[in-house]
Every structure is written in structure tokens, then in C-alpha cells.
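Per-entry structural report
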Amino acid sequence: MAEDSDLEKSEEPTSRRIEQAREKGQVPHSRELGTFLVLIVAGGAFWTMGGWLMQRSMAVVRKGFTIESEVMREPGLMLPRLFEISGDALLAFAPLLGLLVLAAVLPPFFLNAWVFSPQAIAPDFNRLNPLTGFGRMFSWNSLMELGKAALKAALVGFVAVLLMWKERDEIFGLLNEPLESGLIHAGNLVSFSFLIMAATLVLIVAADVPFQLWQYFDKLKMTKEEIKQEMKEMMGDPHVKGRIRSLQMQAARKRMMAAVPKANVVVTNPTHYSVALVYQTGMAAPKVVAKGAGAIAQKIREIANENAVPILEAPPLARALYKHAALDAEIPSALYSAVAEVLAYIYQLANWRQVGGVYPVPPRELPVPPELVPEAV
């Protein structure tokens, strides 16, 4: 049962899943919203500019049917005349066309679905599969589209009948009006009726937009296993990260062990901790080049013995250095005095090995601040 629940798409899509879908051109869209905006803008434009459009249209038609004697005698003037009339018609309807184009591109902004995806325009030959197309014809989505189309037809038809009945007197009165005023009146009447019928589609839009958003996010829902896999991809597989961290620690340990032969001294606990120090002319303070506990501490001592690096047992100092001194960093200023005595002893030891004499006495009571010494192990 647990495996079945992991494979069930019950989880809301993550932001990464939504972004991947947008990259593929998969965004929510509502045909009803686009249709409504185009129709309502067209109706509003006809309502506000209907008279002006009718006048310009009549002027273009009158100009087209006016035959000038010069054009009749010179066929070469007919084509420029046609271009002139076409330009007048285009100029007359340019505001309307501009508003319609704007209305056509606005719907994606309302749904936060404006995106350009090359993958969406790439050819997909699976769409040519007749079996897939046949399945889409009888899918749940197709039934919904059929229901919306029937509802729109019934709603718009009902409103159209009501408008015709209400305006029947004005419609029949157009027969008694002069041609020019009648055309303007008819244009206003048609524009108003068109605007009212288009406005009724807001009911369809109010139901379709939430449904399309729900359907879009429902298709993007994920299984628990998919969410786990996505988290692994984003944050990295814990096993892989652990392996990488282990390899990095091994490489760092190798570099640290390679620095032990260059150390001036190794301070020990004597068995639990080992800290290798180096100090050269020009350094502001001694640096820790290697440190470790347990097996690593033992390995540091072995390498130090193999390379004749002096080893000094100083438990408080070793514990303080291990706790408070970072690798490849200078020692804390509070330990300067104690480390200075250690280095002085190392220099005396090196001098004894070269010229002999009295064997130097190792320092015993080093000035290590008690607050820097962790609990003894």
C-alpha cells in the first residue's frame, strides 16, 4: 500500500516542475477568455466608433464607385487608384485592427502564461498518430469543449432573441429612414446588440478560467517518489554527496600528511592528539600544518618519526592547539608564549645534535591559559 501511495499523483507540483513545463510551452490557456476579450473589444470599438467607421466606409465605397474620365482613358492609372482606395480602407479600419490584435495577445498575461518556448513550436510527429487523435476526440476534455460550445450557443441565441424582440420597433423603423442616417443607426444598433451578446460570455469565462487553471495544475501533480527524486537532483544525492565529501577528506588528509615532514615539531597529548607546527623566518606566527586525533594522531607521529621531526609531549598545549587552532592557519595569540618556549627547545635540540654539549631539558610547565584547555581525554 505504501508503494501505491508513492506512485499516486497526489502532491502539488513544485516550482521547478512548473518552470520545466513552461520551458516546454505547457502553460494554462483559456479559449473562452481569448474569445471574450476579442469580441468585447470589437463590440466596444464598434459601439464607440460605429458612426465614424460607417462614414469612412461609405466614403471609401463612394470613391471606389466614382469613375473618373481620366482613369477610363488611361488604364495605367487604375492600379494606383486601387492602391489609393485600399490605403483609405486600411487607414479607416486601422484603429479597430490594432485593438483586436491587442485583445488577442492579452489573455496569456491574465493567466501568467506569456512564454516563448522553442520546444513548443518544434514538430511533434506523435500528433499525427490517428489513434492518439481518435482518443482525443472522445476524451474528457473534448466533452467539456462540446458542453461549453452548446452552452455558448444556447446563451448567445437566447440573448439574441431577447434583443431582437426588444428592438423590433427600431429594426422595422430603419426601413423609413434615409440611407445615410439609416446606415449609421443600423450600425449603432448592431454594435450595441453585439456588445450585449459578447458580454454574456463573461459567465462562460468565469467558469472556464478556474477550470482551466485547475486542470493545468492537476496534470502537473507529482507522486511522492517524483518529489523525492527532484529533491535529490536539486540538493544532490546524499550518498553521492557523502562519497564526494569522503574523497575530499581523504585528499585533504593526504596533503596534511605530506606537510608533516616539513614541520618543526609535533606536539602530542601524548597518544590522543597530535599537532604539527611550522615556523619560518618572515612568518608572523607559527602555523598548524597538520593535526588529528586517534588514528590520525598516531599516523602523524609515525611520519614525524620517519622524517626525524621532533615530538614533544605537552598534553595541555596539544589539546588547546587541536581545539582552537585551525589547519593551515596561525596559532591563537594566547598560545604564543607556550609555543615560543617549545620552538626555543627545538632550536636548542637542533643545536645539540650539531655541536653536542648539554642535552636541553624539555619544557614542562608551559604557559597555556586554562580556559583554552579542553577536558582531558
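The paragraphs below set out a description of the structure included in this document. (Residues numbered from 1 in each chain as written. Predicted model: local features only at pLDDT ≥ 70, side-chain atom pairs only at ≥ 80, totals over all residues. Heavy atoms only, no water.)

Across the sheet, which stays open at both edges, the four strands sit in the order β3-β2-β1-β4 with mixed pairing between neighbours. This sheet does not close on itself; its edge strands, each paired only once, are β3 (287-293) and β4 (311-313). For this sheet, the mean angle separating the axes of adjacent strands, direction not counted, is 20 degrees. With four bridges joining them, strand β1 (residues 265-268) and strand β2 (residues 273-278) adopt antiparallel strand pairing. Residue Val266 lies in a different strand from β2, and its bridge partner there is Ala276. Packing of helix α15 (residues 295-306) onto the sheet brings it into contact with β1, β2, β3 and β4, and relative to β3 it is tilted by some 125 degrees. (Pairing = 2+ DSSP bridges. Helix = DSSP H or I, 4+ residues; strand = E, 2+ residues; numbered from the N terminus. Axes fitted to C-alpha atoms, helices over the stretch in contact; angles between N-to-C directions. Contact = heavy atoms within 4.5 Å.)

What follows concerns the nonpolar core. One finds Val265, Leu277, Leu317, Leu321, Leu335 and Val339 to be the most contacted residues of the largest nonpolar core, which totals 24 residues. By residue number, the principal contributor to this core is helix α17 (residues 336-355), which donates seven residues. Once residues within four sequence positions are removed from consideration, Val339 is found in contact with Leu277, Pro286, Leu317, Leu321 and Ile331. Formed by 14 residues, the second largest nonpolar core is a distinct cluster that contains Ala259, Val260, Ala263 and Val266. (Core = buried A, V, L, I, M, F, W, Y, C linked by side-chain atoms within 4.5 Å. Buried < 20%, exposed > 50% of the residue type's maximum accessible area, 1.4 Å probe, protein only.)

Next up on the list: helix α5 (residues 78-105). Every α-helix winds through 3.6 residues per turn, so residues three or four apart in the chain are directed the same way. In this model, α5 (28 residues) spans 38 Å end to end at C-alpha, consistent with the 40 Å of a helix rising 1.5 Å per residue. Remark: the principal bend of α5, roughly 50 degrees, maps to Ala94, with a proline, Pro95, within the next four residues. Among the residues of α5, Arg81, Ile85, Ala92, Leu96 and Ala103 are the ones counted as buried. (Expected span 1.5 Å × (residues − 1). Bend = angle between axes of the 7 residues up to and from the residue.)

What follows deals with the packing of aromatic side chains. Enumeration according to the criterion identifies four aromatic pairs in this entry. When the centroid spacing of 4.6 Å and the interplanar angle of 35 degrees are considered together, the rings of Tyr273 and Tyr322 count as tilted. Of the two residues, Tyr273 is situated in strand β2 and Tyr322 in helix α16 (residues 315-324); the sequence distance between them amounts to 49 residues. When the ring of Trp352 is compared with that of Tyr359, the centres are 4.8 Å apart and the planes differ by 85 degrees; the resulting orientation is edge-to-face. Since its relative accessible area comes to 29%, Trp352 is described here as partly exposed. Classification of Tyr359 as partly exposed rests on a relative accessible area of 44%. It is Arg168 that lies over the ring of Trp165; its NZ or CZ is 4.1 Å from the centre. Lys291 extends its terminal NZ or CZ atom over the ring of Tyr322, reaching a point 5.3 Å from the ring centre. (Phe/Tyr/Trp six-rings, centres within 6.5 Å; stacked < 30°, edge-to-face > 60°. Lys NZ or Arg CZ within 6 Å of the ring centre and 35° of its normal.)

The next point concerns unusual backbone geometry. In this structure, Ala308 takes a positive phi of about 55 degrees despite not being glycine. In this structure, Ala308 sits in the loop between α15 and β4. For Ala308, a relative accessible area of 57% puts it in the exposed group. Of note in this structure, Asp328 is not a glycine but carries a positive phi near 60 degrees. By the element assignment, Asp328 lies in the loop between α16 and α17.

Right, let's get into the pairing of β2. For β2, the buried fraction is high: six of the six residues fall into the buried class. Linking two consecutive strands that pair antiparallel, namely β1 and β2, is a turn of four residues. Relative to β3, β2 runs antiparallel, the two being bridged by six bridges. From the neighbouring strand, Val278 faces β3, where its bridge partner is Lys287.

Relative to the elements of secondary structure, Glu170 occurs in helix α10 (residues 168-173). A sequence separation of 19 residues divides Glu170 from Leu189, and the C-alpha atoms of the two residues are 8.5 Å apart. Ignoring anything within four residues of it in the chain, the contact list for Glu170 reads His185 and Leu189.

Quick look at the layout of surface pockets now. Roughly 150 Å³ of volume is contained in the second largest pocket. Taken together, Ala160, Leu163, Met164, Glu167, Ile171, Leu189, Val190, Ser193 and Met197 form the lining of the second largest pocket. Elements represented by at least two residues in the lining of the second largest pocket include exactly α9 (140-166) and α11 (179-199). When residues in the lining of the second largest pocket are grouped by element, the largest group, four residues, is from α11. Split by residue class, the lining of the second largest pocket holds seven nonpolar, one polar and one charged. (1 Å grid on protein atoms, 1.4 Å probe; cavity = no way out; pocket = protein on both sides within 12 Å on 5 of 7 lines; lining within 4 Å. Points joined across faces, edges and corners; volume = space filled by probe spheres on them. Nonpolar A, V, L, I, M, F, W, Y, C, P; charged D, E, K, R; others polar.)

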